[in-house]
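# Understanding the architecture of this molecule
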Amino acid sequence: MAAATTKAATVMPSSLSSPSTPSPHKPNSTLPLQHRIHSLPLHLKPPQNPKTPLRRRLTLSSHNPIASVFASEEGGFGYPFEGIDKPREECGVVGIYGDPEAARLCSLALHSLQHRGQEGAGIVAVGDDRVLISVTGLGLVSEVFKEEKLRGLKGASAIGHVRYSTAGESSVKNVQPFVAGYRFGSVAVAHNGNLVNYRTLRDDLEDKGSIFSTSSDTEVVLHLIATSKARPFFLRIVDACERVQGAYSMVFLTEDKLVAVRDPFGFRPLVMGRRRNGAVVFASETCALDLIDAEYERDVNPGELLIVDKEGVQSMCLLPHHEPKQCVFELIYFARPNSYVFEKSVYEARSLFGEILAEDSPVDCDVVIAVPDSGVVSAIGYAAKVGVPFQQGLIRSHYVGRTFIEPSQKIRDFGVKLKLAPVRAVLEGKRVVVVDDSIVRGTTSSKIVRLIREAGAKEVHMRIASPPIIGSCYYGVDTPSPKELIANRMSLDQIREFIGADSLAFLPLDKLKKLMGIDASKFCYACFNGKYPIEPKELKEASV
């Protein structure tokens, strides 16, 4: 099938990798991977690099090397309405060591990462008796962690997780962190990413007698740790990571240690920070550090394992180091605009995406609007470049759940109308440019265009702040099969006609790479060009 293409532009904004004015939240250190373990006392910070660009009790089972995986009673449902056609935001993880309110701080950090997963949330803390205590549930962070639940999570170390399932069904038993007992103690894990060889590993473990309690790929990691013969504990993690393939940013918790690890390609982000009292914090994004007053120190390097205990912080190289292949969609859509991921400002990146669109695909217009929330910053960049006002032409409802039942007399575009409301005063009689972050199947885009026309817009010009998505992601992002991706089966003009826009343009892939500057080769663009750093073992099939 013909894939959507874009024309080349001749003018480029400045590269994202160029120096910028220092920011108090900007990443300012990039440490090389260590090829031997070294210690960093808890009160010390890694050396700074000013040249860095932008910024329950467990019992053993005789049949299973992992005793059990526990989950609390189900919480309430509070998911955003599912009618919006977008890639799903994988998961978010947090780890805290050395703070007497670790669990409470963990819940706040998870709240900052709520955009990365709304199906469920969980926290595991080390109690006063050195027993891992778990609270998990379905729903939003605020629904799962009521005050009475938080009071039971005592101790100075904790890990947490917010979930959208990329592997495993939506069930409370799949909500992380997972807690398991093995021969030498107990361990909890929270994982952001997706293992491409999960099914092969699970089949092998089940053939050898392992019994699985969930349908999540993360449980494989616990089984590999439990069956490893390596000592001490962190070498069991190394053993497990040598066998898994794919994307993983994980935090582990034992009775006396917090361990953070990132896969050798660095697909998913993981940052390290520190609070004033010396507590060490790991999180998927810097926005989680900001809320709990933790100062960013550095990214966890691809292929690095960090061990935090009473002796300090130890770093080691996990596996042979590949060239990083960080997910560029973190900058396009997943991360919050106030975060830094992969040492780059998400806000600055999206604003520049909008500027490129304005230079590459200009059109006469009266107003620029965004599909909220992820299209807003790019729309601001577009509007500033063309000198046309940016206005809120679509208002997003933040209070939509799954409990709405459509009336018996069908309402056209019901799902989108629940989520987005057009502002007639902004749109009526206007030539409108609407900026969105991506088009997946195209169904939502067509409904949005129709809403804008029904509000009286004279023309609707769609601008997409990413290249056309032609391939599925196998590294922690839930995307449809290639057959369901509209840009993989239609030309640019066919997509424009399908969604009903007067014109349509995407961010060109070559311009996106140029914007990344010297870091361009460190990003994964597989969903845009089909070139996978790790070949997927199981291809996605079209949903029925």
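Described below are features of the structure shown in this document. Given the structure is predicted, the values throughout are model-derived calculations rather than measurements.

### Some thoughts on the overall build of the chain
- When its secondary structure is counted, the chain shows 17 helices and 24 strands.
- With 544 residues in all, the chain has 60% of them scored as buried.
- Of the roughly 21400 Å² that the chain leaves accessible, carbon and sulfur atoms contribute 52%.

### Here we look at the sheet that holds strand β10 (residues 271-275)
- Pairing is antiparallel in the open sheet, where seven strands are placed in the order β4-β3-β5-β2-β11-β10-β12. Both edges of this open sheet fall to β4 (132-138) and β12 (294-299), since each of them pairs with a single strand only. Each adjacent strand pair in this sheet contributes to an overall mean axis angle of 15°, direction not counted.
- Sheet topology note: the β10/strand β11 (residues 280-283) ladder contains four bridges and is antiparallel. What sits directly across from Arg 274, in β11, is Val 280.
- Against the sheet, helix α1 (residues 102-112) engages β2 (91-97), β3 (120-126), β5 (157-163) and β10, with an angle of about 25° to β5.

### A word on the packing of helix α4 (residues 198-207) against helix α5 (residues 218-227)
- Where α4 meets α5, the closest approach of the two axes is 10 Å, and the angle between their N-to-C directions is 45°. Between α4 and α5, the crossing angle belongs to the class labelled oblique. The hand of the α4/α5 crossing is left-handed. Seen from α4, the contacting residues are Tyr 198, Leu 201, Arg 202 and Leu 205; seen from α5, they are Val 220, His 223, Leu 224 and Thr 227.
- Among the residues forming the contact of α4 with α5, the class breakdown is five nonpolar, two polar and one charged.

### Observations regarding helix α13 (residues 443-454)
- For α13, built from twelve residues, the straight-helix expectation of 16 Å at 1.5 Å per residue is met to within 8% by its first-to-last C-alpha distance of 17 Å.
- For α13, every residue scored as buried is listed here: Thr 444, Ser 445, Ser 446, Ile 448, Val 449, Leu 451 and Ile 452.
- Within two residues after α13, Gly 456 carries a phi angle of roughly 100°, on the positive side.

### Focus: the sheet that holds strand β23 (residues 503-506)
- Judged by pairing direction, the sheet is parallel, and its four strands sit side by side in the order β18-β21-β22-β23 without closing on themselves. Two strands lie at the open edges of the sheet, namely β18 (367-370) and β23, each paired on one side alone. Geometrically, the sheet is characterised by an average inter-axis angle of 20° between neighbouring strands, direction not taken into account.
- With four bridges joining them, β18 and strand β21 (residues 431-436) adopt parallel strand pairing. Paired with Ile 369 across the bridge in β21 is Val 434.
- The sheet contacts of helix α15 (residues 492-499) involve β22 (459-464) and β23, and relative to β23 the element is tilted by about 125°.

### Details of the packing of aromatic side chains
- Tallying each qualifying case throughout the model produces eleven aromatic pairs.
- Judged by centre distance (5.4 Å) and plane angle (35°), the ring pair of Phe 265 and Phe 267 falls under tilted.
- Using a relative accessible area of 1% as the deciding quantity, one classes Phe 267 as buried.
- Seen in terms of ring centroids, Phe 329 and Tyr 333 are 6.4 Å apart; in terms of plane orientation they differ by 85°. Their pairing is edge-to-face. Remark: Tyr 333 and Phe 329 occur in helix α8 (residues 329-334); sequence separation between them is four residues, near one turn of the helix. There is no split in this pair, since Phe 329 and Tyr 333 are both buried.
- Through a chain of ring-to-ring contacts, the aromatic side chains of Phe 265, Phe 267, Tyr 474, Tyr 475 and Tyr 532 assemble into a single cluster.

### Structural notes on the pattern of salt bridges
- By the definition in use, this model includes 26 salt bridges.
- A salt bridge links Glu 285 to Arg 116; the shortest N-O distance between them is 2.7 Å. A residue pair is termed long-range when its members are at least 10 positions apart, and Glu 285 in the loop between β11 and α7 (286-291) and Arg 116 in the loop between α1 and β3 qualify at 169 residues.
- Across the pair Glu 297 and Arg 274 runs a salt bridge whose closest N-O atoms are separated by 2.8 Å. Placement of Glu 297 in strand β12 and of Arg 274 in strand β10 is noted, with a sequence separation of 23 residues between them.
- Among the residues examined, Glu 297 registers a relative accessible area of 3% and is labelled buried.

Reading the values: the criteria
Residues numbered from 1 in each chain as written. Predicted model: local features only at pLDDT ≥ 70, side-chain atom pairs only at ≥ 80, totals over all residues. Heavy atoms only, no water. Helix = DSSP H or I, 4+ residues; strand = E, 2+ residues; numbered from the N terminus. Buried < 20%, exposed > 50% of the residue type's maximum accessible area, 1.4 Å probe, protein only. Areas by Shrake-Rupley, 256 points an atom, 1.4 Å probe, with all protein chains shown as cover. Pairing = 2+ DSSP bridges. Axes fitted to C-alpha atoms, helices over the stretch in contact; angles between N-to-C directions. Contact = heavy atoms within 4.5 Å. Parallel < 35°, antiparallel > 145°, perpendicular 65-115°, else oblique. Left-handed = near helix turned anticlockwise from the far one by under 90°. Nonpolar A, V, L, I, M, F, W, Y, C, P; charged D, E, K, R; others polar. Expected span 1.5 Å × (residues − 1). Phe/Tyr/Trp six-rings, centres within 6.5 Å; stacked < 30°, edge-to-face > 60°. Salt bridge = Lys/Arg side-chain N within 4 Å of Asp/Glu carboxyl O.

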